[in-house]
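# Coordinate analysis (summary)
Chain residues, written in single-letter form:
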Amino acid sequence: MENQTFDPTTVIPKAEAADLNFYYSSFHALKQINMIVPEKKVTSLIGPSGCGKTTLLRCFNRMHDLYPGNRYEGSIWIDSDTNILSRKVDPIEVRMRISMVFQKPNPFPKSIYENIAYGLRVRGEKNRRLIDEKIESSLKDAALWNEVKDRLNESAYDLSGGQQQRLCIARALVADPEIVLFDEPTSALDPIATASIEELIARLKEKVTILIVTHSMQQAARFSDYTAFMYLGELVEFGRTKDIFEQPIRKETEDYISGRIG
């Protein structure tokens, strides 16, 4: 892998994959991934379909543990002191620190209030005042509070697609995660809702570290600080987004950016 030139003293890694390999049974899906995720920045994963973007994303909160036969090698460090792939680390604790927003909005068949309260209740929180405060705060962070503050007891299914996705973002934020993973969060949305989510993600980096998979190079260029280009399960190039798009080092990156591959 090629790293673009950037000053490591100005980049604080929140997470770092080191010699990471991942296997779906016998299929070697990720090959020797070494990559940092800078703290309180937006890092985009780009590359053609099937290159391993979502597979890598899901390693960061051990989603692959939910399916038999999957296997990790190597490590993913959080704050340089916790290898979240260690068998000593509880994957449930990992998912409290690293939450995820999926490709399609997936609200629970509950009220708007209970959708967001769910994560707090799972952690054993029973203080109603605290739950109310956290719900309001997370809905404000997700730019949804003004639209739903008088509808909290209504079904989440009554919301539009864009509102449902922002509800899922609020649900991901309510437990104060350190990192939020986004798997193509706007692919099922119309252009207006997409723009709203993009603006929201750009603001969220003031509070959390963000790692996002996107099929849209234009989207990556619009709001990400760093970009990683993946191809055939390998991390080909990583660097500042501006450098990746304007001065790529590797020919494969240039070919993808220009549309010759993908």
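Now for a quick tour of the structure. (Residues numbered from 1 in each chain as written. Predicted model: local features only at pLDDT ≥ 70, side-chain atom pairs only at ≥ 80, totals over all residues. Heavy atoms only, no water.)

## Some details on the packing of aromatic side chains
Note the following rule: Two rings belonging to Phe, Tyr or Trp (six-membered ring only in the last case) form a pair when the distance between their centres is within 6.5 Å. Interplanar angles under 30 degrees mark stacking, angles over 60 mark edge-to-face geometry, and anything in between is tilted. Only runs of H or I of at least four residues qualify as helices and only runs of E of at least two qualify as strands under DSSP, and these elements are numbered from the N terminus. Here's how the labels work: a residue is buried when its accessible area is under 20% of the maximum for its type, exposed when over 50%, partly exposed in between, all with a 1.4 Å probe on protein chains only.
Counted under the stated rule, the structure contains 6 aromatic pairs. For the ring pair Y226 and F238, a centre distance of 6.0 Å and an interplane angle of 10° mean the geometry is stacked. Residue Y226 is found in strand β10 (residues 226–231), and its partner F238 is found in strand β11 (residues 234–240); the two are separated by 12 residues along the sequence. This pair shows no difference in class: Y226 is buried, exactly as F238 is.

## Comments concerning the sheet that holds strand β5 (residues 70–78)
Note the cut-off: Any two strands with at least two DSSP-identified bridges between them are counted as paired.
Read across the sheet, 4 strands follow the order β3-β2-β5-β6 without closing on themselves; strand pairing throughout is antiparallel. What marks the edges here is a single partner per strand, and that holds for β3 (27–38) and β6 (82–83). In the sheet, strand β2 (residues 13–24) pairs with β3 via 8 bridges, with the strands oriented antiparallel. What sits directly across from Y23, in β3, is H28.

## Some details on the pairing of strand β8 (residues 179–183)
Heads up, the condition is: With the strands aimed away from the viewer, a crossover counts as right-handed if its path from the first strand over the helix to the second runs clockwise.
The buried fraction of β8 is high, at 5 of 5 residues. Neither face of β8 is left uncovered, since the one carrying I179, L181 and D183 and the one carrying V180 and F182 both have all their residues buried. Both strand β7 (residues 98–101) and β8 contribute to a ladder of 4 bridges, which runs parallel. Residue pairing for β8: S99 is matched across the bridge by V180. By the bridge criterion, 5 bridges tie β8 to strand β9 (residues 209–213) in an arrangement that is parallel. Across the sheet, residue F182 finds its bridge partner in β9, namely I212. Traced from β8 through helix α7 (residues 191–204) to β9, the parallel crossover comes out right-handed.

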